[in-house]
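Spelled out from the first residue to the last, the chains are:
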Amino acid sequence: MKKALTIAGSDSGGGAGIQADLKTFSAFGVYGMSVITAVTSQNTLGVSGFRAMPADFVGQQMSDVLSDIGADATKTGMLANADIICEVAEKIREFKHENLVVDPVMVATSGDRLMEPEAEKALKDKLLPLALVVTPNIAEAEVLSGIRIANREDVEKAAQIIYGWGPKGVIIKGGHLSGEAVDYYYDGKEIYEYRSPRVDTKNTHGTGCTFSAALAACLALGMPLKKAIPIAKDYLYLALLNADSLGAGHGPTNHLAGYFDHLTKAIRPAKGLPAAKTESNSRKLTGRKLYVITGQEFAKGRPVTEVVSQALAGGAGIIQLREKKWTTRQLVEVGRELQRLARENNALFIVNDRIDVALAVDADGVHLGQDDMPVRMARRVIGPDMILGISAETVEEALTAEKEGADYIGFGPVFHTDTKPDAGTARGLELLAQVKKAVSIPVYGIGGIKLDNAAEVLSAGVDGVAVITAVVGADDITLAAQKFIHIMEGGR
Ligand SMILES: Cc1ncc(COP(=O)(O)OP(=O)(O)O)c(N)n1
Ligand SMILES: Cc1nc(C(=O)O)sc1CCOP(=O)(O)O
Ligand SMILES: [Mg+2]
């Protein structure tokens, strides 16, 4: 049983502080312990007051826990004054504790400073030199570095200044800058960016606590920091996506409903379970330029498994099972076989429409249309590590799908197609190019794509083509797939 210790304040509202930390530790399957530095009285509207613990009592709590149970990782949150900071630093030294995440709780969501100047000095002089990583938000990074932060260059400058105070790493949480929610990690040599779609919600209470607690939990599970960061970020993204509005103000991010299934999947590698896909789903699609979709009625009598085997032999990187007339039994039996074939050929297997079938056959993902289950709801069902593809026929649909958690877009129909009777009118290459420019997730063109127009589709800048009849209806399926791959790789 791995153990994590939070040294922070109590949030009577339950959304931040040790409450958020302990919930997060539990969601990661880590035993959580808590040293209370202050008791705050607050709700979703704000903090009405707090009582700081005597510094020596904070030290006593730390000694009791670390001398008996020990901790595989520790995070600090609200450290109300210089005396407490010095006591915490002293104990961290005494117990030679290294996996220390310092979340410098200095500025409240409202912008109020939560730390007196002498405490800021103690944080820099005493605690930061002991930290494996410090995780300020923009406002806190401005206080720690002494510079204004308005863009990425400022972030890099501030991270270098803060690094100079002694931590082994600096993560500046860029959620407050505009655009995507980007966090920046500086390891003393390079700066790394971690992106997730921005979630439009007011339920952001406890965001910073939840992120740093998730980092500590991953460190406790033995993950290196660079592996922990994207997982902690995914955790927070799902927390924001799934948070319910509580109270009249900023509801808590760490609404646990739905967490456990999402989170246990995100950390499966650390628990020695089958390696989960901790890389971001969109990145799994990189280089997969030929997306073959089944259609038994176009396969000239050949069984779907044979069609798929030949498409895989020709280099298809993604296979989608799309059989509108099949029974559920057929879908799960053949789907299981196609998942096996795909895995053997290092390809991804996606199920069209049917989330239940996709889950039942442990598919790599599911593809949904605008009339299928809404994106957010589907994401709650499939969790973070299944790929979610969404159809779009306008830029707006594509942007909305991305914002709500899609991992790729199937855009079309690009050209006229008879294969899907209810497909809209041909959208054309120009709109396809506009969609690709608008979103930051992979885009596949679909609809009427053949060998003689595939190069044009590629020139729209998309990540690949999705085809049915041009492959499954070909006399030589493997050769057809090989020709598409050749074109997708720039050949004639
Ligand atoms: C890659 C890809 N793009 C689009 C579609 C179309 O899906 P959908 O809108 O759900 O329509 P049907 O395929 O269900 O008719 C797709 N299947 N794959
Ligand atoms: C399944 C599908 N979806 C489309 C969309 O526009 O969303 S067009 C389409 C049919 C694609 O078949 P073919 O490659 O034979 O044209
Ligand atoms: Mg559909």
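Scoring rules and cut-offs
- Residues numbered from 1 in each chain as written.
- Chains lettered and ligands numbered in written order.
- Predicted model: local features only at pLDDT ≥ 70, side-chain atom pairs only at ≥ 80, totals over all residues.
- Heavy atoms only, no water.
- UniProt positions renumbered as here; feature names shortened; annotations may be inferred.
- Helix = DSSP H or I, 4+ residues; strand = E, 2+ residues; numbered from the N terminus.
- Buried < 20%, exposed > 50% of the residue type's maximum accessible area, 1.4 Å probe, protein only.
- Contact = heavy atoms within 4.5 Å.
- Areas by Shrake-Rupley, 256 points an atom, 1.4 Å probe, with all protein chains shown as cover.
- Axes fitted to C-alpha atoms, helices over the stretch in contact; angles between N-to-C directions.
- Parallel < 35°, antiparallel > 145°, perpendicular 65-115°, else oblique.
- Left-handed = near helix turned anticlockwise from the far one by under 90°.
- Nonpolar A, V, L, I, M, F, W, Y, C, P; charged D, E, K, R; others polar.
- Donors = N, O, S within 2.8 Å, 3.2 Å for Na, K, Ca; no water.
- Near = heavy atom within 4 Å.
- Polar contact = N/O pair within 3.5 Å; in protein donor to acceptor, adjacent residues only side chain to side chain.
- Pairing = 2+ DSSP bridges.

For the protein, an unreviewed UniProt entry supplies the name Thiamine-phosphate synthase and the organism Thermincola potens. Within the UniProt record for the protein, the comment given under Function (unreviewed entry) is "Condenses 4-methyl-5-(beta-hydroxyethyl)thiazole monophosphate (THZ-P) and 2-methyl-4-amino-5-hydroxymethyl pyrimidine pyrophosphate (HMP-PP) to form thiamine monophosphate (TMP)." What UniProt records for the protein under Pathway (unreviewed entry) is the sentence "Cofactor biosynthesis; thiamine diphosphate biosynthesis; thiamine phosphate from 4-amino-2-methyl-5-diphosphomethylpyrimidine and 4-methyl-5-(2-phosphoethyl)-thiazole: step 1/1."

From N to C terminus, the protein includes 19 helices and 17 strands. Counting across all 492 residues of the protein, residues that qualify as buried make up 56%. Put simply, of all contacts in the protein between residues at least 6 apart along the chain, 65% involve residues at least 24 apart. Of the roughly 20200 Å² of accessible surface on the protein, a fraction of 52% belongs to carbon and sulfur atoms.

Next up on the list: the packing of helix H2 (residues 55–68) against helix H3 (residues 82–94). In contact at an axis separation of 8 Å, H2 and H3 are set at 25° when each is read in the N-to-C sense. Accordingly, the angle class assigned to the pair H2 and H3 is roughly parallel. Handedness of the H2/H3 crossing: right-handed. In this structure, H2 contributes Ala-55, Asp-56, Val-58, Gly-59, Met-62 and Ser-63 to the contact, and H3 contributes Asp-83, Ile-84, Glu-87, Val-88, Lys-91 and Ile-92. Tallied by class, residues from the contact of H2 with H3 come to 6 nonpolar, 2 polar and 4 charged.

Right, let's get into the coordination of the magnesium ion (ligand 3). Donor atoms from the polypeptide that coordinate the magnesium ion (ligand 3) comprise Asp-353 (OD) and Asp-372 (OD), at 2.0 to 2.7 Å from the metal. Taken together, the residues span a long stretch of sequence, with Asp-353 in the loop between strand S12 (348–352) and helix H13 (355–360) and Asp-372 in the loop between strand S13 (365–368) and helix H14 (375–382) at a distance of 19 residues.

On to the site of ligand 1. The immediate surroundings of ligand 1 are formed by 16 residues, with Gln-320, Arg-322, Lys-324, Ser-391 and Lys-420 found nearest. Within the side chain of Arg-322, an N or O atom sits 2.6 Å from an oxygen atom of ligand 1. Contact between ligand 1 and Ser-391: an oxygen atom at 2.8 Å from a side-chain N or O atom of the residue. If ligand 1 stood free it would expose 420 Å²; the protein chains cover 91% of that surface. Secondary-structure elements contributing two or more residues to the shell around ligand 1 are strand S10 (290–293) and S13. Residue composition of the shell around ligand 1, by class: 5 nonpolar, 6 polar and 5 charged.

So, on to the site of ligand 2. Around ligand 2, the structure places Arg-322, Gly-412, Pro-413, Thr-417, Thr-419, Lys-420, Ile-446, Gly-447, Gly-448, Val-467, Ile-468 and Thr-469. Pro-413 has a polar backbone atom sitting 2.9 Å from an oxygen atom of ligand 2. Side-chain polar atom of Thr-469 to an oxygen atom of ligand 2: 2.6 Å apart, as the coordinates give it. Isolated, ligand 2 exposes 420 Å² of accessible area, and the fraction of that covered by the protein chains is 93%. Residue composition of the shell around ligand 2, by class: 4 nonpolar, 6 polar and 2 charged.

So, on to the sheet that holds strand S17 (residues 464–467). Spatial strand order, S10-S11-S12-S13-S14-S15-S16-S17: 8 strands in a closed barrel with parallel pairing. Going across the sheet, the axis of each strand differs from the next one's by a mean of 25°, ignoring polarity. Pairing analysis gives 3 bridges linking S10 to strand S11 (residues 318–321), with the strands arranged parallel. Paired with Val-292 across the bridge in S11 is Ile-319. Sitting on the sheet, helix H12 (residues 328–344) touches S11 and S12, and the angle it makes with S12 is about 160°.

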